[in-house]
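Single-letter residue listing:
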Amino acid sequence: MSTEGEPSAYDEVRGEGWTRLFAAARRRLERTGGALDGDIGLTGPSEAERRTVIGVTGRYRPETVKRLAVPLRDLDGYLYDRYGTGLLQTLGRLHGPLRDRPAERADEQARREQALTSAHSSRLAGQGWFAAWLEKIAADGTLTRLVRRGDAPLLDTAVRVLERLAGDGLPAHPSAVLPLPVLAEWTTGDTKALVPGTPLEQLVLRALAWRTGDDAAVPRDRAGRRALWESAGAIADDLASQVLVLNIGAEGDTVVCDWLRDAADFGIPFRLTLHQLATDPVVPAARTIYVCENPAVLRAAAGELEDTCAAVVCTEGVPSAACHRLLGDAVRAGARLHWRADFDWAGLRITADAVARHGARPWRMTAADYTAAVGEGESTPLAGPPAASPWDPGLALAMEASGSAVMEERLLPALLSDLTRA
């Protein structure tokens, strides 16, 4: 039966012999923007298809033929002579308008370039991690998927979030808390825009992963994602943000201060939450505080030195908001920080940030310390983008030349010696 408004003659081209022929023609024409050049082919043709192609081309094809080739101009001319509509018009009437894929690709590329140009206009564009993030999302298909979904503006929004985290509009006090809903409201007008699982959250966290020196995928676990937010000063959960301490003591007449004094009297490690530090301010009694990256160092110090150990704070990787809050308050009260981290690129970034933020003094973080440690055993290769060591430029150069990372546990005897003397 013919469709209302169409000639009954179109019933012929709805038969079995035409289905694959028209499908192949549509694919070819959409791919080339409607150009009627070249051939289309049918592999393993049926009897009906063989007869159709003979009728279109006027050339006999034997029943044993394995592939049939049909010039598009022959097909166009046949349809025009028989029905008064060429190939393009016939396909449009039967199966809807053809897509112009070259034009679509050009438009898609233009929107990609527009989104990238806008992002590169950010004041962050000169920073290596920001450029690496943009390069990655442009190369791995992320930006293309955003463009195809109509979500390209999310890239600009992600840039605004990153600019806020880099200092635009953040609380003036360095220990102030910036909850994620507040950050989301400031940058998008929607307090839920950065909840876990949203495309915007994923975009920003990928950038923060590059910022911390880890170009791997964004962590899937809540703790890992929370740590990334905290590395930039945003708080997902002030109860989950914690800092591990040993023998820091406390000044003040509060429950938390009492706990810290009791823990220090017996050399017991203790955990503080950001919530505790914000609601029940703690001023560490220690005026010299040693900061390490790995819990194994603090654990060894507690086990061997107990209450005779110097005050130690462990960052457990990238320092949490709770860690920065505690150490910031300690420095403002007159404490001096001695800071170290692993000899890897992330460790250099952590230490450089501590020097800039808290005025910390690097602790056994020199080129000589690294060179001695790297020769004492097997090491894993350095990974991620390189970082600088402003307090000792030779350290970064030595690490780049060696290509090896050294975890701080290898320096444990020397670290324990320092903590004992202190």
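Rules used throughout
- Residues numbered from 1 in each chain as written.
- Predicted model: local features only at pLDDT ≥ 70, side-chain atom pairs only at ≥ 80, totals over all residues.
- Heavy atoms only, no water.
- Helix = DSSP H or I, 4+ residues; strand = E, 2+ residues; numbered from the N terminus.
- Rg over C-alpha atoms; globule rule 2.2 N^0.38 Å.
- Buried < 20%, exposed > 50% of the residue type's maximum accessible area, 1.4 Å probe, protein only.
- Patch = residues over 30% accessible without salt bridge, like charges linked within 9 Å, V, L, I, M, F, W, Y side chains within 5 Å.
- Areas by Shrake-Rupley, 256 points an atom, 1.4 Å probe, with all protein chains shown as cover.
- Salt bridge = Lys/Arg side-chain N within 4 Å of Asp/Glu carboxyl O.
- Lys, Arg positive; Asp, Glu negative; His and termini not counted.
- Charge placed at Lys NZ, Arg CZ, Asp CG, Glu CD.
- Core = buried A, V, L, I, M, F, W, Y, C linked by side-chain atoms within 4.5 Å.
- Contact = heavy atoms within 4.5 Å.
- Axes fitted to C-alpha atoms, helices over the stretch in contact; angles between N-to-C directions.
- Parallel < 35°, antiparallel > 145°, perpendicular 65-115°, else oblique.
- Left-handed = near helix turned anticlockwise from the far one by under 90°.
- Nonpolar A, V, L, I, M, F, W, Y, C, P; charged D, E, K, R; others polar.
- Arc of directions from axis to C-beta.
- pLDDT = per-residue confidence, 0-100.
- Pairing = 2+ DSSP bridges.
- Right-handed = clockwise from strand over helix to strand, strands pointing away.

**A few points about the overall build of the protein**
Regarding its fold elements, the protein presents 19 helices and 12 strands. Its C-alpha atoms give the protein a radius of gyration of 33 Å, more than 25% over the compact-globule value 22 Å for 422 residues. Principal axes of the C-alpha set define a box for the protein whose edges measure 100 × 50 × 35 Å. Going through the 422 residues of the protein one by one, you find that 47% of them count as buried.

**Topic: a negative patch on the surface**
On the surface, Asp262, Asp265, Glu306 and Asp307 cluster together into a patch of negative charge. Structurally, the position occupied by Asp307 is in the loop between α14 (295–305) and β8 (311–314).

**Quick word on the nonpolar core**
Ranked by size, the top nonpolar core spans 41 residues in total, and within it Trp133, Leu162, Leu165, Leu183, Leu208 and Trp229 carry the most contacts. If you list the elements that add at least two residues to this core, you get α5 (101–120), α6 (128–139), α7 (142–148), α8 (153–165), α9 (180–188), α10 (199–211) and α11 (222–231). Looking at which element gives the most residues to this core, the answer is α10, with 8 residues. Setting aside its immediate chain neighbours within four residues, Trp133 contacts Leu155, Ala158, Val159, Leu162, Leu203, Arg206, Ala207 and Trp210. Formed by 34 residues, the second largest nonpolar core is a distinct cluster that contains Ala301, Val312, Met399 and Val406.

**Looking at the pattern of salt bridges**
Pairs can form between side chains of opposite charge once their charged atoms are near each other. Counted according to the given criterion, the structure contains 22 salt bridges. Across the pair Arg51 and Glu47 runs a salt bridge whose closest N-O atoms are separated by 3.0 Å. Placement of both Arg51 and Glu47 in helix α2 (residues 47–57) is noted, with a separation of 4 residues, approximately one turn of the helix. Here Arg148 makes a salt bridge to Glu108, at a shortest N to O gap of 2.7 Å. Residue Arg148 is located in helix α7, and its partner Glu108 is located in helix α5; the two are separated by 40 residues in the primary sequence. For Arg148, a relative accessible area of 60% gives the class exposed. Glu108 gets classed as buried once you look at its relative accessible area, which sits at 16%. Counted as one network, the salt bridges with shared partners bring together Glu47, Arg50, Arg51 and Glu63.

**Here's the deal with unusual backbone geometry**
Despite not being glycine, Glu306 has its phi angle at roughly 50°, a positive value. When you line up the elements, Glu306 lands in the loop between α14 and β8. One non-glycine residue, Arg364, lies in positive phi territory at about 50°.

**Digging into the environment of Tyr60**
If you trace the backbone, Tyr60 turns up in the loop between α2 and β2 (67–71). Of the residues examined, Tyr60 reaches a relative accessible area of 63% and is grouped as exposed. Sequence separation between Tyr60 and Arg50 is 10 residues; the distance between their C-alpha atoms is 8.9 Å. Every residue in contact with Tyr60, bar those within four places of it in the chain, is listed here: Arg50 and Ile54.

**Remarks on the environment of Ala422**
Relative to the assigned elements, Ala422 resides in the segment after α19 (412–421). In the structure, Ala422 is positioned 313 residues away from Gln109 in sequence and 61 Å away in space, judged by C-alpha atoms. If we ignore the near neighbours within four places in the chain, the residues touching Ala422 are Tyr290 and Ala310.

**Section: the packing of helix α1 (residues 16–32) against helix α3 (residues 72–83)**
Remark: α1 packs on α3, axes separated minimally by 12 Å, with the N-to-C direction vectors making an angle of 120°. Judged on the interaxial angle alone, α3 and α1 are oblique. The two elements α1 and α3 cross, and the hand of that crossing is left-handed. Of α3, the residues touching α1 (which contributes Trp18, Leu21, Phe22, Ala25, Arg28 and Leu29) are Leu72, Leu75, Tyr78 and Leu79. Across the contact of α1 with α3, the residue classes break down as 9 nonpolar, no polar and 1 charged.

**Some details on α19**
Three or four residues apart is the spacing at which side chains of an α-helix point the same way, because the helix has 3.6 residues per turn. Those residues of α19 lying buried are Leu415, Leu416, Asp418 and Leu419. One side of α19 carries all its buried residues, which in axial view fall inside an arc of 155°. Within α19, the exposed residues directed more than 90 degrees away from the buried face are Pro413 and Arg421. Contacts made by the buried residues of α19 are with β7 (288–292), α14 and β8.

**Let's talk about the confidence of the model for the protein**
Predicted confidence across the protein gives a mean pLDDT of 89, with 95% of residues reaching 70 or more. Low pLDDT (under 50) marks residues 168–175, which in the prediction has 16 contacts with non-local residues, meaning those over four places away or in another chain.

**Examining the pairing of strand β9 (residues 336–339)**
Pairing of β7 with β9, which is carried by 4 bridges, proceeds in the parallel orientation. Within β9, the position partnered with Ile289 by the bridge is Leu337. Where β9 and strand β10 (residues 361–362) come together, 2 bridges link them in parallel fashion. Looking at β10, one finds that Trp339 is bridged to Pro362. Following the chain from β9 across helix α16 (residues 345–358) to the adjacent parallel β10, one finds a crossover that is right-handed.

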